[in-house]
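# Coordinates in review
Listed below are the residues making up each chain.
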Amino acid sequence: MAELRGATAEPPAHASRRPCRLSRGRAGAAMGRAALLLLLSLLVAAAGRVGTSAAGSLEVYSLRGSWRLGNGNGSVLLRGEVPGCVHTALHRRGLIQDPYYRFNDVMFRWISLDNWTYSRTFKTPFHFRKWQKVNLIFEGVDTVAQILINNITLGRTDNMFNRYSFDITSVIKEVNFVEVRFLSAISYAAEQSRCHKAYSIPPACPPPVQKGECHANFIRKEQCSFSWDWGPSFPTQGIWKDVRIEAYNHYHLIYFSLTSFFEKSVQQWNLEMESIFDVVSSKPIASLVTVNIPKLKTQQTFSVKLQPGEGSIVLLVNINKSSTVEAWWPNGHGKQTGYNVTTNFIMEGGYQIEKFSKAYFRTVELVQEPVPGSPGLSFYFRINGQPIFIKGSNWIPADSFQDRVTYDRLRLLLKSAADANMNALRVWGGGVYEQDAFYDICDELGIMIWQDFMFACALYPTDQNYLESVRAEVSHQVRRLKSHPSIILWSGNNENEAAIANNWFSIPYADREVYIKDYVMLYVKNIREIVLAEDKSRPFIASSPTNGLESVKEGWLSQNPYDTHYGDTHFYDYSNDCWNWTMYPKTRFASEYGFQSWPSFSTIEKVSATEDWSYTSNFSLHRQHHENGNDQMIQQIGHHFKLPQSTDPLKKFKDTIYLTQVMQAQCIKTETEFYRFSQSEIIKGEGHTMGALYWQLNDIWQAPSWASLEYGGKWKLLHYFAQNFFAPLLPVAYEDKGVLYIYGISDLHEDHKLTLRVVVHAWSSLEPVCTLAKDGVTVKAQSAVPIYKESINDLLGRCRNCTRKSCVVTFCLVGEGGLQSPVNHHFLSSLKDAVGLGKTWLSASISQQDDTFIFVLRTAAVAPFVSLDVGSIKGRFSDNGFLMTEKKKVIVFYPWEPTSVEELEKSLTLTSLVDVV
């Protein structure tokens, strides 16, 4: 019942408001055909009506479904679904092609420049005169609109992230006509910027390579909808979330939240329960509130008085000390236990609300304290008193059109993050505050969320209207989301402290003060103030990257937010050799870093034409929104790999795509392993790295980007590598001055005595040249310790007939009871210089086993970066992009939709490095 946690906050009579989820085989699986037909007829008869509670204190009528939609001059008229937007409505009706096809992002610019209107007629399904208050509720309007009912203007909207409630008690009739008249977001943003005459607020426009729109910072709308360096410009218009009518007498529950606290002094868990009511009656209403958590033998009753108007009640529930509370833990560290809570509000007059929700128990601290042997302060998260190394990535919107982001799509992407051993994602500040389902799934999978507020890579206005809108937005989002244990941090913005500190926008020094003042006004005096008032259960930082407490000390704007001795860092370098670990910052926390690659051919094929299939085509340039991005990838590949030389243009394109993915995977592997092995040491005053969140997890469309999951969810080679480089137990190697060092890295909660196996292979033979087993290696709990050291010369001397160019090193950790790390590798030279690589004659035989498929791979020679690709068949492999050093390897394919051995055989492409040069 987690959905009852959100802003809708209705009594349980309406708990079944999402019948569309029956298709996922939850509630409706066992329903007979006759019962289903009866249910359908009842639903049709109800026509969007959601019924009343037993006490008759609330009526809810949904306005989801088909609306009329027209453009400014009435030349385009159609039906549009709500929730939805203009682009998807036009596409569904066949009036436009797929907006993602080829150059349509630019061709369809006219849609966002027009002003569209949504309208519909509805019959009021209840006696509206008997209700004291009737509201028209919009959970999300994108973005600038005038709202009318029966030709009376109710108000205006200007913030996509706000919830809007309009009082229609005096204007509702038996038959009503509701209109939402949108204004182009592009025109509105330009006008707002023009009106801000005192001083400019940069940046005015995105770089031309992004093919985007200007002044995104002047509108409270998804910032990347005006374009980004990985995404298109589609400034949508539409009713993007739920819309409904609510009628009630006496009172109505608007928000309901549960947050947990642990009282150390008495060793007891408490739950803070906050309920925000709208009380319509002119007198206070007395109420008895009973909270019951059966599994924790906890029941408490409170007597409260609800004052007229909108107000909040905060109750502290003490959990029975004789019950053992199971805490909520991040993925890989324990269970994600939640407890069912029933809350009963019994009001005078016999009315009552019964509320079902889930309570989770977890504590979070952001630890910033002196580090022995190092200047500065630590920056790490303690969950339930335990320091946790944060492993994961950054989340961007999963589509330019939010109505296409279904529960199933979210689940697939988030499950893929958890399957790659991630325990955290940062919801980046240029997108949207995600839908309730996103956070529900993260609660369930143990994925911690670093939650940015939606401000990114820009300076922002601070006039009164703008600040009021932001205050309402922040208050609504914190109330909506704070019950989720997955959210461990609020962060004010993305890179805006750095933008001022490093003067990205070339502001003359004399003018800096006004922008600093605006910065503090927005993020500190407004956003931070509201967050601290609304939610005391988790930390807040003003920006990312930031120097944390050091930034605060320097007036919230540090001289260098990228200082490795404080806070978090973002790091990008595309020109230096990414295999060279010494180029990476030995930071306290790496919250952004990455390299680009191209998505696989099957993903590109869906949105392109034959003439587009070359790395230098107009399409390939058009899709690349990062300046010189395609060249940078080729340059980075060139450090270690030979470039494709095929005379067949299509093979050359596919080979190039493959190499960009190999390069990206190997680069981010090197960098992430560096961050992981730096967690327990201080070298020259730097280290104690406690987080690695690479940029970025997912894609918004089919294009080259930093993502490890392609649009549609297909795993790039990087995502398969992440499964290994984020493994709970991992040996990592690096070279320094001709010496090979291996570290044992563990996220496990206990020390382990293990065997380290180091194997040297010649490129020319499947028989190992030499093997070393080192027993009794102690790998400490939640730390990174050096476990092996040998000069490369000694190693090669021991393994005769080996040179740097002719051999490669692999290694793994093995313990008792099946405990084993992935097999890792260390290259002794660039692969373009490798000697002895032979023809692999790779082959695969496929068979089905229950719901999975078994691929038995065979090779005639050592094969680097073996890639299995089954085109557009949805699913993932157990491993991919691996170094194959044995004749035979068994790989499992997990399908996400029904398929067959025949289909897989027909679609399979096997590639190794040897096949592309």
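## Side note on the packing of helix α8 (residues 464–481) against helix α10 (residues 512–534)
Axis separation between α8 and α10 bottoms out at 10 Å; the angle between their running directions is 30°. The orientation of α8 relative to α10 falls into the category roughly parallel. As α8 packs across α10, the resulting crossing turns out to be right-handed. For the pair α8 and α10, the contacting residues are Leu467, Val470, Arg471, Val474, Ser475, Val478 and Arg479 in the first and Met521, Leu522, Lys525, Asn526, Ile527, Glu529, Ile530, Val531 and Glu534 in the second. Of the residues in the contact of α8 with α10, the class split is nine nonpolar, two polar and five charged.

## Points about the side chain of Glu790
Within the secondary structure, Glu790 is located in strand β40 (residues 783–791). Relative accessible area serves as the criterion here: at 13%, Glu790 is assigned to the buried category. Only 2.2 Å separates the side chain of Glu790 from the side chain of Tyr788, close enough to count as a polar contact. Once residues within four sequence positions are removed from consideration, Glu790 is found in contact with Val739, Leu740, Leu795 and Arg798.

## Structural notes on the state of the cysteines
Joining two cysteines, a disulfide is a covalent bond between their sulfur atoms. Taken as a whole, this structure holds four disulfides when the rule is applied. Note that Cys578 is cross-linked by a disulfide to Cys667, the S-S spacing being 2.0 Å. A torsion of -75° about the S-S bond marks the disulfide between Cys578 and Cys667 as left-handed. One end of the pair, Cys578, is in the loop between β31 (569–571) and β32 (590–593); the other, Cys667, is in helix α15 (residues 649–677), with 89 residues separating them in the sequence. Judged by relative accessible area, Cys578 falls into the buried class, the value being 1%. Judged by its relative accessible area of 0%, Cys667 falls in the buried class. Shown here is the disulfide that connects Cys802 with Cys807, its sulfur atoms set 1.8 Å apart. Here Cys802 and Cys807 share a disulfide; its torsion about the S-S bond, -80°, makes the bridge left-handed.

## Describing a negative patch on the surface
A contiguous patch of negative charge, built from Glu897, Glu902, Glu903 and Glu905, is present on the exposed surface. The class of Glu897 is partly exposed, set by a relative accessible area of 35%.

## Structural notes on the pattern of salt bridges
In total, this model carries 39 salt bridges according to the counting rule given. With a closest N to O distance of 2.9 Å, Glu473 and Arg220 form a salt bridge. Of the two residues, Glu473 sits in helix α8 while Arg220 sits in the loop between α5 (185–195) and β11 (226–228), which places them 253 residues apart along the sequence. Accessibility assignment for this pair places Glu473 and Arg220 in one class, buried.

## Some details on unusual backbone geometry
Pro83 follows Val82 through a cis peptide bond whose omega is 0°. Secondary-structure assignment places Pro83 in the loop between β4 (77–82) and α2 (86–92). The amide bond that connects Pro202 to the next residue, Pro203, takes the cis arrangement and shows omega of 0°.

Calculation criteria
Residues numbered from 1 in each chain as written. Predicted model: local features only at pLDDT ≥ 70, side-chain atom pairs only at ≥ 80, totals over all residues. Heavy atoms only, no water. Axes fitted to C-alpha atoms, helices over the stretch in contact; angles between N-to-C directions. Helix = DSSP H or I, 4+ residues; strand = E, 2+ residues; numbered from the N terminus. Parallel < 35°, antiparallel > 145°, perpendicular 65-115°, else oblique. Left-handed = near helix turned anticlockwise from the far one by under 90°. Contact = heavy atoms within 4.5 Å. Nonpolar A, V, L, I, M, F, W, Y, C, P; charged D, E, K, R; others polar. Buried < 20%, exposed > 50% of the residue type's maximum accessible area, 1.4 Å probe, protein only. Polar contact = N/O pair within 3.5 Å; in protein donor to acceptor, adjacent residues only side chain to side chain. Disulfide = S-S within 2.5 Å. Patch = residues over 30% accessible without salt bridge, like charges linked within 9 Å, V, L, I, M, F, W, Y side chains within 5 Å. Areas by Shrake-Rupley, 256 points an atom, 1.4 Å probe, with all protein chains shown as cover. Salt bridge = Lys/Arg side-chain N within 4 Å of Asp/Glu carboxyl O. Lys, Arg positive; Asp, Glu negative; His and termini not counted. Charge placed at Lys NZ, Arg CZ, Asp CG, Glu CD.

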